[in-house]
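In case you want the letters, here they are:
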Amino acid sequence: MEVRRELIELETEGDTDIVDFTAALQALVAESGIRVGQATAMVVGSTAALSTLEYEPGLVGHDVAAALEKLAPAAGRYAHEETWHDDNGHSHVRACLVGPSLALPIVDGTVPLGTWQQVVLLDFDTRPRQRTIVVTLVGD
Amino acid sequence: MEVRRELIELETEGDTDIVDFTAALQALVAESGIRVGQATAMVVGSTAALSTLEYEPGLVGHDVAAALEKLAPAAGRYAHEETWHDDNGHSHVRACLVGPSLALPIVDGTVPLGTWQQVVLLDFDTRPRQRTIVVTLVGD
Amino acid sequence: MEVRRELIELETEGDTDIVDFTAALQALVAESGIRVGQATAMVVGSTAALSTLEYEPGLVGHDVAAALEKLAPAAGRYAHEETWHDDNGHSHVRACLVGPSLALPIVDGTVPLGTWQQVVLLDFDTRPRQRTIVVTLVGD
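The paragraphs below set out a description of the structure included in this document. (Residues numbered from 1 in each chain as written. Chains lettered and ligands numbered in written order. Predicted model: local features only at pLDDT ≥ 70, side-chain atom pairs only at ≥ 80, totals over all residues. Heavy atoms only, no water.)

Here we take up the pattern of salt bridges. Scanning the model with the defined rule gives 21 salt bridges over all chains in all. Put simply, aspartate 108 of chain C and arginine 5 of chain A hold a salt bridge, and the shortest N to O gap is 3.3 Å. With aspartate 108 of chain C in the loop between β5 (101-107) and β6 (118-123) and arginine 5 of chain A in strand β1 (residues 2-12), the pair connects residues from two separate chains. A relative accessible area of 35% means that arginine 5 of chain A is categorised as partly exposed. Among the charged side chains, a salt-bridge network with shared partners connects Glu2, Arg4 and Glu6 of chain A. (Salt bridge = Lys/Arg side-chain N within 4 Å of Asp/Glu carboxyl O. Helix = DSSP H or I, 4+ residues; strand = E, 2+ residues; numbered from the N terminus. Buried < 20%, exposed > 50% of the residue type's maximum accessible area, 1.4 Å probe, protein only.)

In this section: helix α4 (residues 89-98) of chain C. Residues and elements named next belong to chain C. Within α4, ten of the ten residues are buried, leaving the element largely enclosed by the surrounding structure. Buried within α4 are the following residues: Gly89, His90, Ser91, His92, Val93, Arg94, Ala95, Cys96, Leu97 and Val98. Glycine 99 lies just past α4 and shows a positive phi near 105 degrees.

This part covers the interface of chain A and chain B. A common way to express how large an interface is: the accessible area buried when the components associate. Contacts between chain A and chain B engage 37 residues on the former and 37 residues on the latter. Carbon and sulfur atoms make up 66% of the area that chain A and chain B hide from each other, which totals about 2700 Å². Counting every contact that joins chain A to chain B gives one salt bridge. At the junction of chain A and chain B, the tally comes to 16 residue pairs in polar contact (both at pLDDT 80 or more). Listed by contribution, the elements that provide at least two residues to the side of chain A that touches chain B are β3 (36-43), β4 (48-53), α2 (57-71), α4 (89-98), β5 (101-107) and β7 (129-139) of chain A. (Contact = heavy atoms within 4.5 Å. Buried area = accessible area lost by both parts, 1.4 Å probe. Polar contact = N/O pair within 3.5 Å; in protein donor to acceptor, adjacent residues only side chain to side chain.)

Attention shifts here to the packing of helix α2 (residues 57-71) of chain B against α4 of chain C. Relative to each other, α2 of chain B and α4 of chain C sit at 70 degrees, their axes nearing to 10 Å. Relative to α4 of chain C, α2 of chain B is oriented roughly perpendicular. Regarding α2 of chain B and α4 of chain C, the two cross each other, and that crossing is right-handed. Residues Leu59, Asp63, Val64, Ala67 and Leu68 of chain B of α2 of chain B lie in contact with α4 of chain C, whose contacting residues are Gly89, His92, Val93 and Leu97 of chain C. Taken together, the residues of the contact of α2 of chain B with α4 of chain C break down into six nonpolar, two polar and one charged. (Axes fitted to C-alpha atoms, helices over the stretch in contact; angles between N-to-C directions. Parallel < 35°, antiparallel > 145°, perpendicular 65-115°, else oblique. Left-handed = near helix turned anticlockwise from the far one by under 90°. Nonpolar A, V, L, I, M, F, W, Y, C, P; charged D, E, K, R; others polar.)

Our next topic: the relation of the copies chain C and chain B. Screw-axis analysis of chain C against chain B gives a translation of 0.0 Å along the axis, an RMSD of 0.0 Å, and a rotation angle of 120 degrees. In short, the pair behaves as if placed about a three-fold rotation axis. Closest to the rotation axis within chain C is the C-alpha of alanine 103 of chain C, separated from it by 3.2 Å. (Least-squares fit on C-alpha atoms with pLDDT ≥ 70 in both.)

Side chains of Met1 of chain A, Met1 of chain B together with Met1 of chain C sit close together on the surface and give an oily, nonpolar patch of about 230 Å² of accessible area. Looking at where methionine 1 of chain A falls in the secondary structure, it is placed in the segment before β1. Using a relative accessible area of 35% as the deciding quantity, one classes methionine 1 of chain A as partly exposed. (Patch = residues over 30% accessible without salt bridge, like charges linked within 9 Å, V, L, I, M, F, W, Y side chains within 5 Å. Areas by Shrake-Rupley, 256 points an atom, 1.4 Å probe, with all protein chains shown as cover.)

Each partner contributes to the interface: chain C provides 37 residues, whereas chain B provides 37 residues. Taking both sides of the interface into account, the surface hidden between chain C and chain B amounts to around 2700 Å²; carbon and sulfur atoms contribute 66%. Linking chain C to chain B there are one salt bridge. The interface formed by chain C and chain B holds 16 residue pairs in polar contact (both at pLDDT 80 or more) in total.

For the rest of this paragraph, the subject is the environment of leucine 10 of chain A. All names here are of chain A. Relative to the elements of secondary structure, leucine 10 occurs in strand β1. For leucine 10, a relative accessible area of 13% puts it in the buried group. Placed 126 residues apart in sequence, leucine 10 and threonine 136 show a C-alpha to C-alpha distance of 17 Å. The contact partners of leucine 10, leaving out residues within four places of it in the chain, are Val19, Phe21, Leu121, Arg129, Gln130, Arg131 and Ile133.

Now for the nonpolar core. In terms of nonpolar packing, the biggest core is built from 57 residues, with Leu122 of chain A, Leu122 of chain B together with Leu122 of chain C touching the most fellow members. If we ignore the near neighbours within four places in the chain, the residues touching leucine 122 of chain A are Asp17, Ile18, Thr47, Ala48, Ala49, Leu50, Ser51, Val64 and Val98 of chain A together with Cys96 of chain B. (Core = buried A, V, L, I, M, F, W, Y, C linked by side-chain atoms within 4.5 Å.)

Residue and element names in this part refer to chain C. With respect to the helices and strands, the residue threonine 47 is situated in the loop between β3 (36-43) and β4 (48-53). Threonine 47 sits in the buried class, given a relative accessible area of 4%. Among the polar contacts made by the side chain of threonine 47, one reaches the side chain of aspartate 125 at a distance of 3.1 Å. The residues touching threonine 47, leaving out its near neighbours within four places in the chain, are Asn88, Ser91, His92, Ala95, Leu122, Asp123, Phe124, Asp125, Arg129 and Arg131.

Before going further, it helps to spend a moment on the sheet that holds strand β2 (residues 17-20) of chain C. Picture the strands of a sheet paired through backbone hydrogen bonds; they go either parallel or antiparallel. All names here are of chain C. Spatially, the three strands line up as an open sheet ordered β2-β6-β4, and their pairing is antiparallel. Here the strands that pair on one side only, and so sit at the sheet edges, are β2 and β4. Going across the sheet, the axis of each strand differs from the next one's by a mean of 30 degrees, ignoring polarity. Here β4 runs beside β6; their pairing, made up of six bridges, is antiparallel. Residue alanine 48 lies in a different strand from β6, and its bridge partner there is aspartate 123. (Pairing = 2+ DSSP bridges.)

Below, the discussion takes up unusual backbone geometry. Positive phi is not limited to glycine here, since aspartate 15 of chain C has a value of about 55 degrees. Mapped onto the elements of the fold, aspartate 15 of chain C is located in the loop between β1 (2-12) and β2.

To continue, consider the sheet that holds strand β6 (residues 118-123) of chain B. All names here are of chain B. The sheet built from three strands is open, its strands ordered β2-β6-β4 with antiparallel pairing. A strand with exactly one partner marks an edge of an open sheet, and here the two such strands are β2 (17-20) and β4 (48-53). Averaged over all pairs of adjacent strands, the angle between strand axes in this sheet comes to 30 degrees, irrespective of strand direction. Sheet topology places β2 next to β6; four bridges connect them, and they run antiparallel. Across the sheet, the residue bridging to valine 19 is leucine 121, located in β6.

Take a look at the structure:
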């Protein structure tokens, strides 16, 4: 049984910038030598989230953000902002509802994603950020 | 320490069809012989998601879909659809926000769900689909 | 390789009461002696969820609930309630969409959260509840 810890570092633009980190994750899985097991990925920070998405310009540049704008509009009124005099109340709410982490199976030395399914970071903050995704891998 | 990989295959109707796969998952956990550990389940593809839900007709047939219809309406305008000339932009958005995977504890040889808590696949695509859920199990 | 199972018991007020259980979780990780691995946490029951959030009064007491009120309003009409003659249809919908579980990496004997990132239980039920979070830990 093998256990590994790894970091993936990404630069984002903020404002629901969605970044595909599938290649970096699959490379870590391949380098670990683990054939069957589990990968856990978590973004550090409370204004970003992880999920999977077909990484194409319509969804990435418009559709996901448009849906979240209904749920937690960027220009909405947030108690968070009144207290802290900042502008990212919607970023915190969106990140909480999408979720900070992913549990992913490893089979045959890879995460068995669909062809049109990429692993993505969604950065909801209101400015460019350097993000760290912590990944641990467990398996044989 | 044991590591197992398994598949659960399901047929769905699409259009936010919600399918209970608790029995299939608990059977895999029981067959593995693992008493304490973790199960990771991920649906392959970018228009479906996993979660837990009380599996009763009101929630399954109406309430969950009604909430998601507000967030990402089926008849909405999606950049995804303009590019690809298809009709499932809302399916991708819903799947990304609910999330593709579940991390589940195994205790006493079972996933300790509540009585009214079932493990479900939510298929948001616009047509019937055959779905594969990849499950890996790690533990003692 | 170590495997541990633990319980965290919490009392909540319901009505989107958000409870920070970071300290309890980090204590379990520390006591396990695991330096590198994975923690899986799942709330038992279908009207609560787990995520991470900056635990400050504006987000906790107002902003997250306000966003979910748009998606699944407490006073909305739910098929669940017509069948079961209860009042928590919105609780089930919110819990399903946020999700019941978290997969968290363990690195250097801790879950490497951000400074302003806490692990939280969101209780959407309409009355005070005693909640159980099941945690399993795997690693070296």
